[in-house]
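Residue-level structural notes
Here's the letter readout for the chains.
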Amino acid sequence: MAFVVFDGVTLLDVSGPSEVLHQAGRLGCPYEVVLVAPGGGPVTTAAGPALTGTVTAERAGPIHTVLVAGGDRLAEEPPDDALLATVRALVPGAARIASVCTGAFVLAGLGLLDGRRATTHWRHAAALARRHPRVRVEPDALHLRDGRYVTSAGISAGIDLALALVEDDHGAEVAREIAREMVIFLHRPGGQSQFSAALDTPPLRGDLLRPVLESVLTDPAADHSLPAPAAAGTGRLAGC
């Protein structure tokens, strides 16, 4: 699996999926991960630490899955020619092409997502749709598959994406064991709207309604009528 990285890449876009694949290896389902960068050599992440040991696309060898990580600059300006050329060189021999967060802008910039369903970080979904009108952008999805292309939402959604890829490759039980080990959801409830909506919700001044609000934001599709939180004991509304 080739992770395409570049200066300014979001560290968790790389480390999150990498940890999922590492855990898969511990369960007897190994993945060989190679970091690919336009020029090879060290890459500085947005958080500061450098990624070392990267190679150019020409030295990556046979690749089954290409995963393009994200970074803020990809949503702010078109991906540079060197980054586009790197991904373009990897795509023909790959069975699966994936992106995390704004990595979708690279796939879209190459025309690979034209006519396809795709997603990215909710904050940048409108920009992706505006810049690439032929892409069918679905801003609420955590990850989407359309043919051999798989795109995911922002940052930590790369972990959801990697779990889905492992589940495709090795089955649900392996993915479930990884999720247990990493103390995360195998399939997170709800979509991205729960996070964007949370930013628009005024902060609560007391503790009375906080558990109820957190329940709604975590799983918007669940039953949140008054008897439901009361019966679940999620707040002090039980006495109403």
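Structure first, text after, so check above.
Criteria and thresholds
Residues numbered from 1 in each chain as written. Predicted model: local features only at pLDDT ≥ 70, side-chain atom pairs only at ≥ 80, totals over all residues. Heavy atoms only, no water. Buried < 20%, exposed > 50% of the residue type's maximum accessible area, 1.4 Å probe, protein only. Helix = DSSP H or I, 4+ residues; strand = E, 2+ residues; numbered from the N terminus. Pairing = 2+ DSSP bridges. Axes fitted to C-alpha atoms, helices over the stretch in contact; angles between N-to-C directions. Contact = heavy atoms within 4.5 Å.

Turning to the pairing of strand β6 (residues 96–99), a few remarks are in order. Here β6 shows no split at all, with Arg-96 and Ala-98 on one side and Ile-97 and Ser-99 on the other all buried. With 4 bridges connecting them, strand β5 (residues 65–68) and β6 associate as parallel partners. If you follow Leu-67 over to β6, its bridge partner there is Ala-98. Here β6 runs beside strand β10 (residues 149–152); their pairing, made up of 3 bridges, is parallel. Within the sheet, the bridge partner assigned to Ala-98 lies in β10 and is Val-150.

Here we take up the sheet that holds β10. In space, the 6 strands of this open sheet follow the order β2-β1-β5-β6-β10-β9, with mixed pairing throughout. Among the strands making up the open sheet, the edge pair consists of β2 (34–36) and β9 (143–146). Put simply, the sheet's adjacent strands are angled 20° from each other on average, direction ignored. Contacts from helix α1 (residues 11–26) reach β1 (2–4), β2 and β5 within the one sheet, and its direction differs from that of β1 by about 170°.

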